[in-house]
Amino acid sequence: MADTAKDKDVIDQEEVEVEEEEETTTTTTTTKKTSQWHKTRTTKTSATTKTTTLTTPAKLYGKDLSEYDDVDVESLLAQLSPEEITILAKEVDPDDNFLPPDQRNSYECTKEATGPLNRKQLIEHINKQAIETPDQPEFEPFVQGKVRGKKWVPPPRDARDIEAEEQIAIDMGEEYEHALNDATQEEIIDLAAILGFHSMMNQDQYHASLLNKGQPVGLGWDGITKSTQQKLFPMDPPNSTDVEESIKRVKDDDSKLIDLNLNNIKNISDEKLEQLFAALPQNEHLEVLSLTNVGLTDKTALLLAAAIEKSKTLRVLNVETNFISPPVIVKLVQALLKCHTIEEFRASNQRSAVLGNKIEMEITDLVEKNSSLLRLGLHLEFNDARHRVAAHLQRNIDRIRKDLELRLQFRFFNNLHRKSTRIQ
């Protein structure tokens, strides 16, 4: 019986120890509601896991705000008067995008509206106020040469950089050292230009050295570089060509009128242009016709297209800077196929800056059919059109060059044959 009592006491004691151990292995979590930050620290051991929450109290101007956590804000606001609420609203700027701007800022305008907004009068009033408002006087007048505040001093350089610079030395020999020490600034500048040291000199010094001129005065190593003065060229005089007389000479087929330049004459009427284009087919001496910036329209350009189809001697036609539409430009290029004498045609800078893919392809096809055109003055946007036109014009130039070479060879051998027959 005694042994049985002992065993019971031992079992009871073990049960108490197990209950104490279970209490130590429980997880203790302390959570405290505050208005600010919480720090959580977790400690892990082999037998237990303990989580403890540490709270950092919120402070304002060094005072603890935790005592105001349980205060009812609504009851405090209900105790304020309307004037106190207005003052409080002016001191608080809520960051709420859903509120209109007049409720989010602290400024309130108490003036009545004088009328609808007039932006011009408002800007004039602001400018007037800015001009009439006197400038704020300076508390301390400006004195030239007087240093105010602390003067900036550069930090000391690293000793390793100074030693590295001191170790850099180039041994060029006694002759070169003596020549460079005795050389003048002009000679050193000339040497720098020969060696290609462009960063050691300005543009005027470099060109003066290449052209073997004297160095400009005041542009040595200590001189101040100035911009080169632009050269003034006189304005081109206005075109003084008499339009009526030129038309009469074209009609009369004057043999001395080979080049007709009517560029930049803006008072040419459509009737005069129609007379000029009507006289072109009968003329057999005019070779160059320039009509740049004369106000050509589609109506007169179509008459020009019909005239150049029948022209016999015209080689150069220039109708740049006018008001010709892209379809009419196609008509002009198409007219070049029937006129086998025109070698150069220029029609850029018209009313429409962009011709378009369809128009450019049509012009390209027409140019590839033309065997006499050598130069084309048109801005083509697409690479395919540009490459095809350039390749065809180059083929025309090569073919004409070969024809000239064959003609020269034929004349040369023909002259040799004539000389040989005379000798015999």
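Everything here concerns the structure above.
Everything quoted here is computed from the prediction, not taken from an experiment. (Residues numbered from 1 in each chain as written. Predicted model: local features only at pLDDT ≥ 70, side-chain atom pairs only at ≥ 80, totals over all residues. Heavy atoms only, no water.)

J.: I'm lost on the overall build of the chain in this one. Help?
T.: Across its full length, the chain holds 15 helices and nine strands. When burial is assessed residue by residue, the chain has 21% of its 424 residues classed as buried. Of the roughly 33,900 Å² of accessible surface on the chain, a fraction of 54% belongs to carbon and sulfur atoms. (Helix = DSSP H or I, 4+ residues; strand = E, 2+ residues; numbered from the N terminus. Buried < 20%, exposed > 50% of the residue type's maximum accessible area, 1.4 Å probe, protein only. Areas by Shrake-Rupley, 256 points an atom, 1.4 Å probe, with all protein chains shown as cover.)

J.: Explain helix α14 (residues 357-368) to me, please; I cannot follow it from the model alone.
T.: One full turn of an α-helix is made of 3.6 residues, so residues set three or four places apart face in the same direction. In this model α14 runs 16 Å from its N-terminal to its C-terminal C-alpha over 12 residues, within 8% of the 16 Å that 1.5 Å per residue would give. Turning to α14, its buried residues are Ile 359, Glu 360, Ile 363, Thr 364, Leu 366 and Val 367. Taken down its axis, α14 places every buried residue within 165° of arc, on the same side. (Expected span 1.5 Å × (residues − 1). Arc of directions from axis to C-beta.)

J.: Where do I start with the packing of helix α12 (residues 298-308) against helix α13 (residues 326-335) in this structure?
T.: Axis angle and axis distance: for two packed helices, these are the angle between their axes and the distance between the axes, and together they describe the pair. One way to put it is that α12 packs onto α13 with a least axis distance of 8 Å and a crossing angle of 10°. Classified by the angle their axes make, α12 and α13 are roughly parallel. Where α12 approaches α13, its residues Asp 298, Ala 301, Leu 302, Leu 304, Ala 305 and Ile 308 are matched on the opposing element by Val 328, Lys 331, Leu 332 and Ala 335. Classifying every residue of the contact of α12 with α13 by side-chain character gives eight nonpolar, no polar and two charged. (Axes fitted to C-alpha atoms, helices over the stretch in contact; angles between N-to-C directions. Parallel < 35°, antiparallel > 145°, perpendicular 65-115°, else oblique. Contact = heavy atoms within 4.5 Å. Nonpolar A, V, L, I, M, F, W, Y, C, P; charged D, E, K, R; others polar.)

J.: What is the right way to look at the environment of Pro 238 in this model?
T.: Within the secondary structure layout, Pro 238 lies in the loop between α9 (203-210) and α10 (243-251). Owing to a relative accessible area of 71%, Pro 238 belongs among the exposed residues under this scheme. Taking the C-alpha atoms as reference points, Pro 238 and Asn 263, 25 residues apart in sequence, are found 9.4 Å from one another.

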